[in-house]
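Listed below are the residues making up each chain.
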Amino acid sequence: MSSNVLMTDLYDPALLGILQHVGDIQNFLQVYFGFLYRKTDFYRLLTSPTDKMGFPPGIAEKMVLKTFKAFERVALQDHERSVREAEERLRRQQQEEERRAAPPAVGEEEVVVEVESTAEESELEQEKPVQAHPQSHSQSEQPPNPAASASSDHDTSGTQGGAVSSQPLKAEAANPEQDQELFQANPDSYNGAVRENYTWSQDYTDLEIRVPVPKDVVKGRQVLVDIQSVSLRVAVLEGGSERVLMDGRLTHRINTENSLWSLVPAECVLLSLSKVGECWWQAVLEGEQAIDVNKINRERSVATVDEEEHAVLDRLTFDYQRKLQGKPQSHELKVHEMLQKGWDAEGSPFKGQQFDPAMFDIPPGAVQF
């Protein structure tokens, strides 16, 4: 399964049956990971450039953690939503109680006094501008101080910049080939890169982007994220204004329905984007430095192949194990089965004799699967 959060009850009967049979979650996980060990290349390590199956060290673990985090974010969002709904119900209840306990309306005589007082204050206000006019005029004609304005702008920008500089990211690659090797060694930039404002990684079907945020950003409502099929924007709220951290057009289209984001408090905005087309991206945003896809691991995981391809991989794995054990492989077994039917058929000169597969040398191309 890809990293997208797949909410479906299609497999619930089978999974519930396994869970009820084994008794608890721990044993259920043992069954699940045992299946991955026995039937897939999940635990096989890529140790040389010629290896075609398996994963580089640490990547399989990252896939498990990524999937766990994806559902953890959904659970946290559900919890935050329930908390907000509870707070909203409590607020409405308090407003209703305050409305019921409010004092009666002010009497008519008090309204008349208020109006008279307001009228007297209006007359005083009409006299004040005449006396204050010279002072106001002199202030309005005072020339602005460019140095103070520039200093103010410099201080403001410095403060804003310093908020994120506590989590500095590596600058654009001076030596792309050498830096791609460093990116491959970092799970956050595996098959991707480290950029000025974010890091990104990818597999054949998904992207994962981490955008660092200031330390004081700890709530989801402090973050504004706009995920479109062809663009992406991430910003944080600072003092009533927006500060954009990432904004631009994507180099390829994404599936917004299967894409999501979450906030890792005081650390980063984590985005999981689902690719529309299965391809390797050279960059996330248009106009940014591209990576060399020939320097990344372009091998597809078994989890991303379709049923037909999966059947071929299963057969190849079976044949490899049988070959190591010195036993007949799948093409030989299939031919042996057909030969044995003819061996024991009525009128066969071999009928009644023991069938010996060693009598036949069967090349791999003799059978079409």
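This one's a predicted model, so the numbers in the text were calculated from it and none came from an experiment.

**Q** Can you help me understand the nonpolar core in this one?
**A** One broad rule of soluble globular proteins: the nonpolar side chains tend to lie buried together. In terms of nonpolar packing, the biggest core is built from 32 residues, with Trp 200, Ile 209, Val 211, Met 246, Val 269 and Leu 271 touching the most fellow members. Those elements that provide at least two residues to this core are β1 (193–194), β3 (206–212), β4 (223–227), β5 (231–238), β6 (241–249), β7 (254–264) and β8 (268–275). Those residues in contact with Val 269 that sit more than four places away from it in its chain are Ile 209, Arg 210, Val 211, Val 213, Val 223, Val 225, Val 234, Trp 261, Ser 262 and Leu 263. Among the nonpolar cores identified, the runner-up in size contains six residues, and Phe 42, Phe 55, Ala 60 and Tyr 190 belong to it.

**Q** It is not clear to me how the packing of aromatic side chains should be interpreted in this structure. Could you clarify?
**A** Any aromatic ring pair is given by two values, namely how distant the centres are and how the planes are angled relative to each other. Under the criterion given, the structure shown has five aromatic pairs. Centroid distance Tyr 37 to Tyr 43: 6.1 Å. Interplanar angle 65°. Geometry classified as edge-to-face. With relative accessibility at 58%, the residue Tyr 37 sits in the exposed group. Measuring from centroid to centroid gives 5.2 Å for Phe 42 and Tyr 43, while their planes differ by 85°, and the two rings are edge-to-face. Look at Tyr 43 and you get partly exposed, because its relative accessible area is 44%. Taken together, Tyr 37, Phe 42, Tyr 43 and Phe 55 form an aromatic cluster joined through their ring pairs.

**Q** How should I be thinking about helix α8 (residues 330–343) in this particular structure?
**A** Each full turn of the α-helix corresponds to 3.6 residues, which orients residues three or four apart in the same direction. Along its 14 residues, α8 runs 20 Å from first to last C-alpha, staying within 8% of the 20 Å computed at 1.5 Å per residue. Among the residues making up α8, those that are buried are Ser 330, His 331, Val 335, His 336 and Trp 343.

**Q** Looking at this structure, how should I read the environment of Ala 60?
**A** Counting through the fold element by element, Ala 60 comes out in helix α3 (residues 59–101). The class for Ala 60 is buried, based on a relative accessible area of 13%. Each C-alpha atom, one on Ala 60 and one on Asp 41, is 9.8 Å from the other, the two residues being 19 residues apart in sequence. Setting aside residues no more than four positions away along its own chain, Ala 60 makes contact with Phe 42 and Phe 55.

**Q** Can you help me understand the layout of surface pockets in this one?
**A** Space left empty within the atom packing is revealed by a probe, the size of a water molecule, rolled over the atoms. Its boundaries defined by the atoms lining it, the second largest pocket holds a volume of some 940 Å³. As for the second largest pocket, its lining consists of 30 residues, and the residues nearest its centre are Leu 76, Glu 80, Ser 262, Leu 263 and Pro 265. At 15 residues, α3 tops the list of elements feeding residues into the lining of the second largest pocket. Partitioning the lining of the second largest pocket into residue classes produces 10 nonpolar, five polar and 15 charged.

**Q** What is the right way to read the sheet that holds β4 from this model?
**A** Where strands meet in a sheet, backbone hydrogen bonds hold them as pairs that are either parallel or antiparallel. The strand order across the open sheet formed by three strands is β4-β5-β6, and the pairing between neighbours is antiparallel. Edge positions in the sheet fall to β4 and β6, since each has one partner strand and no second. Here the average twist between neighbouring strands, direction ignored, is 10°. As defined by bridge partners, β4 adjoins β5 across five bridges and the pair is classed as antiparallel. Bridging across to β5, Leu 224 finds its partner in Ala 235.

**Q** Quick question: what am I supposed to make of the pairing of β6 here?
**A** One face of the sheet, then the other: side chains in a regular strand alternate in exactly this way. Bridging between β5 and β6 involves eight bridges; their strand directions are antiparallel. From the neighbouring strand, Glu 238 faces β6, where its bridge partner is Ser 241. Between β5 and the antiparallel strand that follows it, β6, lie two residues; Gly 239 among them carries a positive phi value of about 60°.

**Q** When you look at unusual backbone geometry in this model, what are you seeing that I'm missing?
**A** For residues besides glycine, phi is generally negative; the peptide bonds are generally trans as well. At Asn 191, a position not held by glycine, the phi torsion is positive, near 65°. Within the element layout of this structure, Asn 191 appears in the loop between α6 (176–184) and β1. For Asn 191, a relative accessible area of 3% gives the class buried. Phi is positive for Ala 266, close to 65°, though the residue is something other than glycine.

Quick notes on the rules
- Residues numbered from 1 in each chain as written.
- Predicted model: local features only at pLDDT ≥ 70, side-chain atom pairs only at ≥ 80, totals over all residues.
- Heavy atoms only, no water.
- Core = buried A, V, L, I, M, F, W, Y, C linked by side-chain atoms within 4.5 Å.
- Buried < 20%, exposed > 50% of the residue type's maximum accessible area, 1.4 Å probe, protein only.
- Helix = DSSP H or I, 4+ residues; strand = E, 2+ residues; numbered from the N terminus.
- Contact = heavy atoms within 4.5 Å.
- Phe/Tyr/Trp six-rings, centres within 6.5 Å; stacked < 30°, edge-to-face > 60°.
- Expected span 1.5 Å × (residues − 1).
- 1 Å grid on protein atoms, 1.4 Å probe; cavity = no way out; pocket = protein on both sides within 12 Å on 5 of 7 lines; lining within 4 Å.
- Points joined across faces, edges and corners; volume = space filled by probe spheres on them.
- Nonpolar A, V, L, I, M, F, W, Y, C, P; charged D, E, K, R; others polar.
- Pairing = 2+ DSSP bridges.
- Axes fitted to C-alpha atoms, helices over the stretch in contact; angles between N-to-C directions.

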